[in-house]
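Structure at a glance
Here is what each chain is made of, one letter per residue.
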Amino acid sequence: MVRPLSLGDLPPNYTPPARPAAPQILAGSLQAPLWLRAYFQGLLFSLGCRIQRHCGKVLFLGLVAFGALALGLRVAVIETDLEQLWVEVDSRVSQELLYTKEKLGEEAAYTSQMLIQTARQDGENVLTPEALGLHLQAALTASKVQVSLYGKSWDLNKICYKSGVPLIENGMIERMIEKLFPCVILTPLDCFWEGAKLQGGSAYLPGRPDIQWTNLDPQQLLEELGPFASLEGFRELLEKAQVGQAYVGRPCLDPDDQHCPPSAPNHHSKQAPNVAQELSGGCHGFSHKFMHWQEELLLGGTARGLQGQLLRAEALQSTFLLMSPRQLYEHFRGDYQTHDIGWSEEQASTVLQTWQRRFVQLAQEALPANASQKIHAFSSTSLDDILHEFSEVSAARVVGGYLLMLAYACVTMLRWDCAQSQGAVGLAGVLLVALAVASGLGLCALLGITFNAATTQVLPFLALGIGVDDIFLLAHAFTKAPPDTPLPERMGECLRRTGTSVALTSINNMVAFFMAVLVPIPALRAFSLQAAIVVGCNFAAVMLVFPAILSLDLRRRHRQRLDVLCCFSSPCSAQVIQILPQETVPMGVAHLTATVQAFTHCETSSQHVVTILPPQTHLMSPSSDPLNSELCSPGGSTRDLLGQEEGTRPKAACESLLCAQWTLAHFARYQFAPLLLQTQAKALVLVFFGALLGLSLYGTTLVQDGLALTDVVPRGTKEHAFLSAQLRYFSLYEVALVTQGGFDYAHSQRALFDLHQRFSSLKAVLPPPATQAPRTWLHYYRNWLQGIQAAFDQDWASGRITRHSYRNGSEDGALAYKLLIQTGNSQEPLDFNQLTTRKLVDEEGLIPPELFYMGLTVWVSSDPLGLAASQANFYPPPPEWLHDKYDTTGENLRIPAAQPLEFAQFPFLLHGLQKTADFVEAIKGAREACMEAGQAGVHAYPSGSPFLFWEQYLGLRRCFLLAVCILLVCTFLVCTLLLLNPWTASLIVLVLAMMTVELFGIMGFLGIKLSAIPVVILVASVGIGVEFTVHVALGFLTTQGNRDLRAARALEQTFAPVTDGAVSTLLGLLMLAGSNFDFIIRYFFVVLTVLTLLGLLHGLLLLPVLLSILGPPPQVVQVYKESPQVLSPAAPRGGGLRWGMSPTLPQSFARVTTSMTVALHPPPLPGAYVHPASDEPT
């Protein structure tokens, strides 16, 4: 053993290394930033001391407050409405949606239930009678579904959507039509007689078998009923609709079916039909004119020959339309069937949902397991059920995640030495974070912020991982306080050392999540607000309540109690070891270690710092040092002060438990830092991260926009199979071009026709067959007027209609007569001279403006099938007007004009939309068409799911870049304010920007698409990344020595807390990997895990290297004195240490205390001595 050396033994060439000061040390010129740091740390010190004095009260009040806020979860509302979750806030889409709802109400006109059939062998042709037969079997099973609710039986015919049911004056015929009128079912079976089997309506007439669509020939029925009732108007209605023989005139799939009607084309030949030929061009419902199902709606994966003829298809689709809950309620309100059950809209909704679930279940089970075809069924309720399941909290995963975190915290913080063991603190800390998360979510519920799937599935685990980071940091710092710190000031010292880091990380996290609110998607905006509030609650719990737990644990240790089992005493708890930090000092080839205790006092008058050394100073021979004696010696770790026994405990006691000496700080000190800070290692690190950044920049070009519904639905489920098949074969979307009020429709007909033409020419719009007129209300309305004008002209020419009578004319001729004599003048409403001087449609194909709204009233009342097919949805709806050809009174001649339209729509079908780029292109084209129409005075906008859920991608990347840039600026300002060093803040922001770019690029390589959810995570990554960087930067900033030494000391101090924080975050995220939803795994678990690993790499590899090369100068510079007068800053740097006697310190000194190792500067100091320490408490 080398004897301790005195100060006089120091050689002339002695050059000391620096010693890391605790983060709160201030030295050098007391500039404003340092004074602010001292003031802030003084507040934290005072806060910690007060909490320690009243730890029981603080803990009780904190638990009560957080528990009260957690009760707010009882009023939490989980939002599952897609429109409320995904439509951009305050966007033009939301304004348009609001306008639509104001005019039409909250609900759609109908809901869709779909069946998709594909072959079990991929790519097999389904255009065969056998495949159609299996499709009939599944569809027929689904159509026969009945459910019993409220004592009533509900079948398809009661709840289906029926389009354009006509009003008939004959009561008997009206009741029969009501029972027989078919449901709207878009199916390839409608090309055949078997399509009638899906229609469940029936009627009874004396002397005939039950009338059903399978045996109904409308033409024959009208002939039979003609002698008993006046059905001329109804006959004309059927003729206009081109009903013909309906289903009995179509070929039979199975001509051997005993019910195949004789009127079927293949009834006598018994030949199976050519399925591909029959389905080519689509099918028709019972009305050939108004119910045409386009081929793209029925067949998927089609292939055609050289002449364009249909050869094969890989999928079949049938769609059943049901009434909306509101329609069903209105339909049965006041009906005798529901008068005794208190019929309500909620009951109507329950009926529909129950029927839909049963529909999907039976349809999926309709075919045997060994069938060559498979059926995929889906309904709107299926989607609602998925969203509800997606939003439910998984209690098992939440409990499992928190138990795992409890175990990790307990095991990590347990020690062999009970004086250092903090297992109970770890358990209490995790439970406190859990309570803080619950209280934060409860506060969100009380503030009216709705919950969604991101809140329930992700936030509890993400908040746990982030919150526990600071728990580890405070717990580690509390046990490593300077050994001379008085017991009542231990908590104050802990907060003074770590409070700045905790505040900086928490504030940056809150700012990051608040910046994510810039993403205008309601679901993600709510998630970001909730995350920010939860982080704030975690911050309050860590800074206020957790110190009380640490203080109580300190009492446990002081009273010699076991950890965790604190009711039992332990002798080891009494082993309190006072260890003085040591420093290695180079002496030529040999090394010396100086062990000193320093007290730094700031003189307010001269704005300098005086460091006073106590008389215990001695020198001793050091052990070997990894980084050429410039790194810390074994006794200098700020994390291991209580665990060291050098000089005060027998060496054998340490050597007996060598495995217990190994810690993360030990690893960072002796292995990691010396290796990392070598020149070659620095170069490798810079090259690696440069390559990673370059590769990530390339990866950013691979990131595609989009979020498909198949990404959300769990893989392997029947719902996912359906959605995958639909996306592959039937990527069709019903949209509408809505025209608003604010312009004159009557005088803007040409502009409306031009708008329709421009919209129809878009690439994504499915064109109607060449033989079919455009399916819009304006075309139907004009064609109807031209039809009755032609009937009038014919009746006028034949003399059946004259100037004074139209009774002998046709129904259409009479209608034209009444319209032609209208003037629109309230004083003289009729002018019979106009019968021969005007036309209902002029040569340019335009309707006379003065007749426009009166003709609209007549058309709506007289052509219900055409109106229903047009899907016009007029608002205000035109008034009802009944035409009676035999009523010639003046009142019957007058036609009320409809009110000026404020809402109408043209329906379209979009097809070929597979990628987000396809949607964006279609949306841009639709918007441009509307803008051009706006220049012509027509106010219009597109409506439909592509515009609701995909328009966000038009500005999503711009929003993302804006949010990240603003957040980086905010992070720079916050770091500058709390670190008081713009240089360091700039390096932190540089590393955070690199992390964001690299995360974005890795998403591209992983195939994760950019949507609002990854954008929120990318924005939040800036705040989360601060957790991995600010501790290292702060340790570097407040440590003495050259850059390499300060980087090494910063790593030694922060390696363990940063690593523990990363592991805790990964453990919190681990439970996400067990989610049933692949969406949660890919878009949250994978992305957040990559973010955590990137943060760990950048915080412990790149940032220390950058600091060792580009880091700012230290904020701590030591100044020594030899007399009561303090040395001026201009004192020679190379001179000796000069000391003077000063028995007491002036009261004007501003004091900042710390435990530190002071290196002595050459030359040797003959006669020098150490001033005694002040008697003031430290």
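Everything below is about the structure shown above.
These notes cover the structure that comes with them. Note that the coordinates shown come from a computational prediction; the quantities given were computed from them, not determined experimentally.

In this model, helix H2 (residues 55–70) (16 residues) spans 22 Å end to end at C-alpha, consistent with the 22 Å of a helix rising 1.5 Å per residue. When we look at burial in H2, the residues that qualify are Cys55, Leu59, Gly62, Phe66 and Ala70. The buried residues of H2 occupy an angular sector of 70° when projected down its axis, which confines them to one face. Structural note: H2 exposes Lys57, Phe60 and Leu61 on the side pointing more than 90 degrees away from its buried face.

Quick look at the pairing of strand S1 (residues 110–119) now. Most of S1 sits out of view: 9 of its 10 residues are buried. The sheet contact formed by S1 and strand S10 (residues 315–323) spans 9 bridges and is antiparallel. Counted as the bridge partner of Ile116 is Gln317 from S10. Relative to strand S11 (residues 373–379), S1 runs antiparallel, the two sharing 7 bridges.

Let us now look at the nonpolar core. By size, the foremost hydrophobic cluster in this structure holds 324 residues, and its most contacted members are Trp777 and Phe1084. With 19 residues, helix H20 (residues 522–558) is the single largest residue contributor to this core. Not counting residues up to four positions away in its chain, the partners in contact with Phe1084 are Ala454, Val458, Ile1013, Ile1017, Leu1072, Phe1079 and Thr1089.

Burial of strand S2 (residues 146–149) is one-sided: the residues Val147 and Leu149 facing one way are buried, the residues Gln146 and Ser148 facing the other way are not. Of the strand pairs in this sheet, S2 and strand S3 (residues 152–155) are connected by 4 bridges, and their pairing is antiparallel. By the bridge assignment, Leu149 is partnered in S3 with Lys152. The hairpin turn running from S2 into S3, its antiparallel successor, is 2 residues long, and Tyr150 in that turn takes a positive phi close to 55°.

The next point concerns helix H4 (residues 92–104). Compared with the 18 Å implied by 1.5 Å per residue over 13 residues, the 18 Å span of H4 between its first and last C-alpha is a close match. Every buried residue of H4 is listed here: Val93, Ser94, Glu96, Leu97, Tyr99, Thr100, Lys101 and Lys103. Elements in contact with the buried residues of H4: helix H3 (82–86), strand S17 (733–740), strand S18 (903–910), helix H33 (916–935), strand S19 (940–944) and helix H34 (945–949).

Moving on, we come to unusual backbone geometry. In the segment running from Tyr875 into Pro876, the intervening peptide bond is cis, with an omega of -5°. Tracing the backbone shows Pro876 in the loop between helix H31 (864–870) and helix H32 (890–893). The phi dihedral of Ala246 is positive, around 60°, even though this residue is not glycine. With respect to the element layout, Ala246 can be found in the loop between helix H9 (232–241) and helix H10 (275–279). Exposure remark for Ala246: the relative accessible area of 5% places this residue in the buried category.

What follows is about the pattern of salt bridges. A full pass over the atoms with the stated rule returns 23 salt bridges. Across the pair Arg326 and Glu345 runs a salt bridge, and its minimum N-O distance is 2.9 Å. Here Arg326 is found in helix H12 (residues 325–332), whereas its partner Glu345 is found in helix H13 (residues 345–364), with 19 residues between them in sequence. By relative accessible area, Arg326 is classed as partly exposed at 38%. Ionic pairing is found between Asp705 and Arg957, a salt bridge with its closest N-O pair at 3.0 Å. Taken together, the positions of Asp705 in the loop between helix H24 (679–700) and helix H25 (709–712) and Arg957 in helix H35 (residues 956–979) put the pair 252 residues apart, joining distant regions of the chain. By relative accessible area, which is 18% here, Asp705 ends up buried. Owing to a relative accessible area of 31%, Arg957 belongs among the partly exposed residues under this scheme. Through salt bridges with shared partners, a single ionic network connects Arg92, Glu96, Arg927 and Glu951.

Let us look at the environment of Leu459. By the element assignment, Leu459 lies in helix H18 (residues 459–479). With 610 residues separating them along the chain, Leu459 and Leu1069 place their C-alpha atoms 9.8 Å apart. Beyond its immediate stretch of four places on either side in the chain, Leu459 contacts Leu441, Ala454, Phe527, Gln530, Ala531 and Val534.

The strand order across the open sheet formed by 3 strands is S18-S17-S19, and the pairing between neighbours is antiparallel. With one partner strand each, in any of the chains shown, S18 and S19 form the two edges of the open sheet. Taking the axes of each pair of neighbouring strands and ignoring which way they run, one obtains an average angle of 25° across the sheet. Note: S17 against S18, 8 bridges, orientation antiparallel. Considered in S18, the bridge of Gln740 is made with Phe903.

So, about the packing of aromatic side chains. By the definition in use, this model includes 38 aromatic pairs. Ring centres 5.1 Å apart and planes at 80° place the aromatic pair Phe688 and Phe689 in the edge-to-face group. Between Phe919 and Trp950, the aromatic rings sit 3.9 Å apart at their centres with planes inclined by 5°, giving stacked as the arrangement. Residue Phe919 is found in helix H33, and its partner Trp950 is found in the loop between H34 and H35; the two are separated by 31 residues along the sequence. Across this residue pair, the class does not change: Phe919 and Trp950 are buried. One aromatic cluster is present, formed by Phe743, Tyr745, Trp777, Tyr781, Phe852, Tyr853, Trp859, Phe874 and Phe906 through successive ring pairs. Here Arg490 stacks its cationic end above the ring of Phe478, 5.7 Å away from the centre of that ring.

There is a patch of nonpolar side chains on the surface, built from Leu686, Trp983, Ile1109 and Leu1110 and spanning about 340 Å² of accessible area. Along the chain, Leu1110 turns up in helix H39 (residues 1078–1110). Looking at Leu1110, the relative accessible area reads 42%, which means it is partly exposed.

The subject of this paragraph is the environment of His284. Locating His284 in the fold gives a position in strand S5 (residues 283–284). A relative accessible area of 23% places His284 in the partly exposed class. Once the C-alpha coordinates of His284 and Gln294 are considered, the two residues, 10 residues apart in sequence, prove to be 8.5 Å apart. Leaving out residues up to four positions away in the same chain, His284 has contacts with Asp190, Arg250, Met291, His292 and Trp293.

What counts and what doesn't
Residues numbered from 1 in each chain as written. Predicted model: local features only at pLDDT ≥ 70, side-chain atom pairs only at ≥ 80, totals over all residues. Heavy atoms only, no water. Helix = DSSP H or I, 4+ residues; strand = E, 2+ residues; numbered from the N terminus. Expected span 1.5 Å × (residues − 1). Buried < 20%, exposed > 50% of the residue type's maximum accessible area, 1.4 Å probe, protein only. Arc of directions from axis to C-beta. Pairing = 2+ DSSP bridges. Core = buried A, V, L, I, M, F, W, Y, C linked by side-chain atoms within 4.5 Å. Contact = heavy atoms within 4.5 Å. Salt bridge = Lys/Arg side-chain N within 4 Å of Asp/Glu carboxyl O. Axes fitted to C-alpha atoms, helices over the stretch in contact; angles between N-to-C directions. Phe/Tyr/Trp six-rings, centres within 6.5 Å; stacked < 30°, edge-to-face > 60°. Lys NZ or Arg CZ within 6 Å of the ring centre and 35° of its normal. Patch = residues over 30% accessible without salt bridge, like charges linked within 9 Å, V, L, I, M, F, W, Y side chains within 5 Å. Areas by Shrake-Rupley, 256 points an atom, 1.4 Å probe, with all protein chains shown as cover.

Function cannot be inferred from these measures alone, as they are strictly geometric.
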